[in-house]
Amino acid sequence: MIVRFAPSPTGYLHIGNARTALLNALLARRAGGRFILRLDDTDQERSRAEYAAAIREDLAWLGLAPDQEFRQSDRMAAYEAAAQRLRDAGRLYACYETADELERRRKRQLARGLPPVYDRAALKLTDAEKADLEAQGRRPHWRFLLEPGVVTWTDLVRGDSRVESGSLSDPVLIREDGSFLYTLPSVVDDAGMGVTHVVRGEDHVTNTAAQIQIFEALGAAPPLFGHHNLLTTASGEGLSKRLGHLSLRGLRDSGLEPMAVAALAVLVGTAEAVRPVADLDALAALVDLSGISRAPAKFDENELASLNARLLHDMSWADAAPRLAALGLPASEPLWLAVRGNISRLAEVTDWARVIASGPDGTADPGMTDAFRVAAASALPAEPWSTETWKQWTSAIRDQTGAKGKALFMPLRLALTGREHGPELAALLPLIGRAETLRRLGGA
Ligand code: GLU
């Protein structure tokens, strides 16, 4: 299996792009195949080296390491050669219409109830007419001549697919200024790199019939195609790289876990429930192109936040330690196990570490009587402490004071942490230690 992710470096990747990248990378990972990063940078105006660097960085953040990378701007000679082959075979023809002329023709067709398909008027131009147009300063753009008939493929997501080629305009492959549109370079690269599976967003379904004919015209076997549904915002708008919608770096900077982003990007809008997944191998096992829904998938930031929290709640120390270290956050296994169930972003570990080390921030009154305070201080067991200590301690206080339930626990929680909610005190107590517990009881 050879797959590729082919972003244009014209903006930051968003979560919808991550869906495409992950589906490809995970299929290759599971099959022991190759995952290629192709930078579609033939648009010189809008492509930027910074965006290419950001794409690599964002993929690395998700844990994806392409086996190979190349950019289209290095392969212009291959595209020129393919274009020449198509011209020689009579499949690429020069057209001279201006955008305005085409638009007027389209409107006329629509007014007559006809499909707005290019009428191939340029095919009838004689050499003399072409020479005349060129003498007037017109430069040709070049269209691929579609063959009549039905193009069929078995889409890995959408199943049996068919397009009547007569319903399509012959696609423009080369602009007036000689630059290539995306359609031909993509085919030349997929054929040249031996890509076996093209997995991409369903906004490309309309290119597929023409691309299959181009593969055939170039004497190459078309790959398999799978077109996944697109992600929209919760209100149903499409995501746009240009608008920086839900960019991966924005999600990263807001402190979300890459595995939460990856799990949501891959699982939303599929037959699998969106749920926390520990690592990319486990996520790869859940990829099923045929289970992807045909309807657009809604990306909901609240769903991501809750997925992130659930992922942290179950995260092992082995998985958490490197993440904490990378973010420069305080860490030890007992601290992690004590607080992981009470955080929704990793950085919140810092708050709890501070509470454990220094106690309540404010001066909230824990609501303790002097008798309770004295009983609590005198009942404190000797160290060493374990997670059993809390139970021993509170049983002893209950026996002495008669306090139970909330009246027993809440004053202690407030005295130790200054907060009404938080991690299990059984886990916090050994981290706070005896001397500090005594101080907080006295100081309260
Ligand atoms: N550069 C195209 C895009 O970003 C690639 C499409 C494809 O995968 O063929 O949409």
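With an unreviewed UniProt entry as reference, the protein is termed Glutamate--tRNA ligase, source organism Camelimonas lactis. Quoted verbatim from the Subcellular location (unreviewed entry) field of the UniProt record, the comment on the protein reads "Cytoplasm".

**With respect to the nonpolar core**
One finds Leu22 and Trp393 to be the most contacted residues of the largest nonpolar core, which totals 89 residues. Filtering out sequence-adjacent residues up to four positions away, Trp393 remains in contact with Ala376, Ala379, Leu380, Pro381, Leu412, Leu416, Leu429, Thr437 and Leu441. One finds Leu173, Met193, Phe215 and Phe225 within the second-largest nonpolar core, a separate group that totals 34 residues.

**A closer look at the pattern of salt bridges**
Throughout the structure, instances matching the rule amount to 29 salt bridges. Here Arg275 and Glu272 are joined by a salt bridge, their closest N and O atoms 3.1 Å apart. We classify Arg275 as partly exposed; its relative accessible area is 28%. One network of salt bridges, with partners in common, ties together Glu57, Asp58, Arg249, Arg252 and Asp253.

**Side note on the sheet that holds strand β4 (residues 92-95)**
Here three strands make up an open sheet; going across it, the order is β4-β5-β8 and the pairing antiparallel. If you trace the sheet from one side to the other, it starts and ends with β4 and β8 (172-174), each paired once. Mean inter-strand twist for the sheet, computed between neighbouring axes without regard to direction, equals 45°. Across two bridges, the pairing between strand β5 (residues 141-144) and β8 is antiparallel. When the sheet's bridge partners are listed, Trp142 is paired in β8 with Ile174.

**Here's the deal with the site of the ligand**
Looking at the ligand, the residues that line it are Arg4, Ala6, Asp40, Tyr182, Ser186, Arg200 and His204. Between Ala6 and the ligand, the recorded distance is 2.7 Å, taken from a backbone N or O atom to a nitrogen atom. Between the ligand and the protein, one listed contact pairs an oxygen atom with a side-chain N or O atom of Arg200 at 2.9 Å. The protein chains hide 79% of the 300 Å² of surface that the ligand would expose on its own. Here the residues of the shell around the ligand are counted per class, giving two nonpolar, two polar and three charged.

Criteria and cut-off values
- Residues numbered from 1 in each chain as written.
- Predicted model: local features only at pLDDT ≥ 70, side-chain atom pairs only at ≥ 80, totals over all residues.
- Heavy atoms only, no water.
- UniProt positions renumbered as here; feature names shortened; annotations may be inferred.
- Core = buried A, V, L, I, M, F, W, Y, C linked by side-chain atoms within 4.5 Å.
- Buried < 20%, exposed > 50% of the residue type's maximum accessible area, 1.4 Å probe, protein only.
- Contact = heavy atoms within 4.5 Å.
- Salt bridge = Lys/Arg side-chain N within 4 Å of Asp/Glu carboxyl O.
- Pairing = 2+ DSSP bridges.
- Helix = DSSP H or I, 4+ residues; strand = E, 2+ residues; numbered from the N terminus.
- Axes fitted to C-alpha atoms, helices over the stretch in contact; angles between N-to-C directions.
- Near = heavy atom within 4 Å.
- Polar contact = N/O pair within 3.5 Å; in protein donor to acceptor, adjacent residues only side chain to side chain.
- Areas by Shrake-Rupley, 256 points an atom, 1.4 Å probe, with all protein chains shown as cover.
- Nonpolar A, V, L, I, M, F, W, Y, C, P; charged D, E, K, R; others polar.

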